[in-house]
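Coordinate analysis (summary)
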Amino acid sequence: MNVAIGNGAARNINGGGCNVFLGKYAGSGVTSGDNNIGLGYASAGDATGSHNITIGDSVQVTGSNNLAIGCPTSRLIPGYSALTVTLTDYPRTGILKPY
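Note that the structure is a prediction, hence the values are computed from the model and not measured. (Residues numbered from 1 in each chain as written. Predicted model: local features only at pLDDT ≥ 70, side-chain atom pairs only at ≥ 80, totals over all residues. Heavy atoms only, no water.)

What about the overall build of the protein chain?
- Per the secondary structure count, the protein chain includes 0 helices and 8 strands.
- Going from the N terminus to the C terminus, the protein chain shows its helices and strands as β-β-β-β-β-β-β-β.
- Here the protein chain, with 99 residues, has 29% of them falling under the buried criterion.
- If you take every contact in the protein chain between residues at least 6 apart in sequence, the share linking residues at least 24 apart comes to 0%.
- Surface accessibility of the protein chain: about 5500 Å² in total, with carbon and sulfur atoms responsible for 56%. (Helix = DSSP H or I, 4+ residues; strand = E, 2+ residues; numbered from the N terminus. Buried < 20%, exposed > 50% of the residue type's maximum accessible area, 1.4 Å probe, protein only. Contact = heavy atoms within 4.5 Å. Areas by Shrake-Rupley, 256 points an atom, 1.4 Å probe, with all protein chains shown as cover.)

Things to note about the pairing of strand β4 (residues 53-56)
- Pairing analysis gives 3 bridges linking strand β3 (residues 37-39) to β4, with the strands arranged parallel. In the sheet register, Gly38 faces β4, and the bridge partner there is Thr54.
- Note that β4 and strand β5 (residues 67-70) share 4 bridges and pair parallel. For Ile53, the partnering residue across the bridge sits in β5 and is Leu67. (Pairing = 2+ DSSP bridges.)

Focus on the confidence of the model for the protein chain
- For the protein chain, per-residue confidence averages 79 on the pLDDT scale, and 73% of positions sit at 70 or higher.
- Mean pLDDT values over the elements of the protein chain span from 45, in strand β7 (residues 87-89), up to 96, in strand β2 (residues 20-22).
- This model gives residues 86-90 a pLDDT under 50, and the stretch forms 18 contacts once residues within four places in sequence are excluded. (pLDDT = per-residue confidence, 0-100.)

In structure tokens:
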């Protein structure tokens, strides 16, 4: 079973299961894959693979086992297929960013 909430969310999915897409056009280009989560406008819009998590406006990943948080031009955490994320202090804001 898949869950899609939002105009056009998961509109092309015809396989896979246990996917959750929340937001307008979230997961709109996904056709298969399992255990994916897309939160935000067009998040995971064209994601491929399984076990991906995307959070933010139009955040995209390819392959499987990715975590990506942010937006298309500036991500707090970019996609890493090994789920290895190294963070450093972001100057002047106290926000962490990938190293």
